[in-house]
Amino acid sequence: MAREENCILTNMCMVCDGDRILVQDRLDPAWPGITFPGGHIEKGESFVASVIREVKEETGLDITNLRLCGVKQWTNTDGKFRYIVFFYKTNTFSGELKSSHEGRVFWIRRNELSNYTLADGFDSMLEIFEDDSLSENYWFEDNGWHCINI
């Protein structure tokens, strides 16, 4: 059994301000809808540095005091790579909020999230961000895609 596999590494960050959360309405037709800011981890880049960079690029905010709160993962259908998303959250930020080419960013109250069209699977990811007893959002294919939170 091989101990190495190809991976795509990404991140996502839940930025909180009291009862408000920062969301992004993504423009990417491959994965549109409301989600948290984040993106790809560059080769040789630390995970924390990557989420700080991505949030800055997509929101204009500088974030600190990040806490790793979970991961999402799946292996693509042909088995060629595993896709891993590191979930972080923080309530420490500074700067002026501004949207980017990735999509519009804005603050909403957490209880208003259900009023928006969420990116596919985002509702199950949100559980990992909010429930300290969970740490993994795992997707697998078995006659269609299924998700379990562990």
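About the cut-offs
- Residues numbered from 1 in each chain as written.
- Predicted model: local features only at pLDDT ≥ 70, side-chain atom pairs only at ≥ 80, totals over all residues.
- Heavy atoms only, no water.
- Helix = DSSP H or I, 4+ residues; strand = E, 2+ residues; numbered from the N terminus.
- Expected span 1.5 Å × (residues − 1).
- Contact = heavy atoms within 4.5 Å.
- Pairing = 2+ DSSP bridges.
- Disulfide = S-S within 2.5 Å.
- Polar contact = N/O pair within 3.5 Å; in protein donor to acceptor, adjacent residues only side chain to side chain.
- Patch = residues over 30% accessible without salt bridge, like charges linked within 9 Å, V, L, I, M, F, W, Y side chains within 5 Å.
- Areas by Shrake-Rupley, 256 points an atom, 1.4 Å probe, with all protein chains shown as cover.
- Salt bridge = Lys/Arg side-chain N within 4 Å of Asp/Glu carboxyl O.
- Lys, Arg positive; Asp, Glu negative; His and termini not counted.
- Charge placed at Lys NZ, Arg CZ, Asp CG, Glu CD.
- Buried < 20%, exposed > 50% of the residue type's maximum accessible area, 1.4 Å probe, protein only.
- Phe/Tyr/Trp six-rings, centres within 6.5 Å; stacked < 30°, edge-to-face > 60°.
- 1 Å grid on protein atoms, 1.4 Å probe; cavity = no way out; pocket = protein on both sides within 12 Å on 5 of 7 lines; lining within 4 Å.
- Points joined across faces, edges and corners; volume = space filled by probe spheres on them.
- Nonpolar A, V, L, I, M, F, W, Y, C, P; charged D, E, K, R; others polar.

Caption draft 1: Geometry of helix 1 (residues 47–59). In a regular helix each residue adds 1.5 Å, so 13 residues correspond to 18 Å; helix 1 covers 18 Å between its end C-alpha atoms and thus fits that length. The elements touched by buried residues of helix 1 are strand 1 (7–17), strand 2 (20–26), strand 4 (38–40), strand 5 (62–64), strand 7 (82–90) and strand 9 (103–109). Backbone geometry just after helix 1 places G60 at a positive phi near 85 degrees.

Caption draft 2: Spatial organisation of the pairing of strand 10 (residues 136–141). As judged from the three bridges shared by strand 6 (residues 67–75) and strand 10, these two strands associate in the parallel manner. In the sheet register, Q73 faces strand 10, and the bridge partner there is Y138. By the bridge criterion, five bridges tie strand 10 to strand 11 (residues 145–149) in an arrangement that is antiparallel. Paired with Y138 across the strands is I148, a residue of strand 11. The turn joining strand 10 and strand 11, which pair antiparallel and follow one another in sequence, is formed by three residues; a positive phi near 55 degrees is taken by N143.

Caption draft 3: Expanded view of the state of the cysteines. The tally for this structure, following the rule as stated, stands at zero disulfides. C69 supplies the cysteine sulfur nearest to C13, a cysteine that is in no disulfide, at a spacing of 8.0 Å.

Caption draft 4: Structural context of the side chain of N137. Counting through the fold element by element, N137 comes out in strand 10. Among the polar contacts listed, one links the side chain of N137 to the side chain of N149, at a separation of 2.7 Å. Setting aside chain neighbours within four positions, we find N137 in contact with V71, K72, Q73, F87, S124, M125, I128, C147, I148 and N149.

Caption draft 5: Focus on a negative patch on the surface. A surface patch of negative charge is lined by D120, D123, E127 and D131. You can see D120 is positioned in the loop between strand 9 and helix 2 (122–130).

Caption draft 6: Here's a closer look at the side chain of Q24. When you line up the elements, Q24 lands in strand 2. Residue class for Q24 comes out buried when judged on its relative accessible area of 1%. Here Q24 is in contact with G33, I34, T35, F36, P37, E58, S100, E102, G103, R104 and V105, once residues within four sequence places are set aside.

Caption draft 7: A look at the packing of aromatic side chains. Scanning all chains against the criterion turns up eight aromatic pairs. Between the aromatic rings of F93 and W107, the centroid separation amounts to 5.3 Å while the plane-to-plane angle is 35 degrees, which identifies the pairing as tilted. Of this pair, F93 sits in strand 8 (residues 92–94) while W107 sits in strand 9, and the two are 14 residues apart along the sequence. A relative accessible area of 27% means that F93 is categorised as partly exposed. The rings of F36, F87, F122 and F129 are connected pair by pair, giving a single aromatic cluster.

Caption draft 8: Layout of the layout of surface pockets. Considering only enclosed or pocket space, the largest pocket measures out at about 450 Å³ in volume. Elements represented by at least two residues in the lining of the largest pocket include exactly strand 1, strand 2, strand 4, helix 1, strand 6 and strand 7. Looking at the lining of the largest pocket, its residues break down into nine nonpolar, seven polar and seven charged. In this structure, the second largest pocket occupies an estimated 160 Å³ of space. As for the second largest pocket, its lining consists of W31, K72, W74, D120, G121, W139 and W145. Across the lining of the second largest pocket, the residue classes break down as four nonpolar, one polar and two charged.

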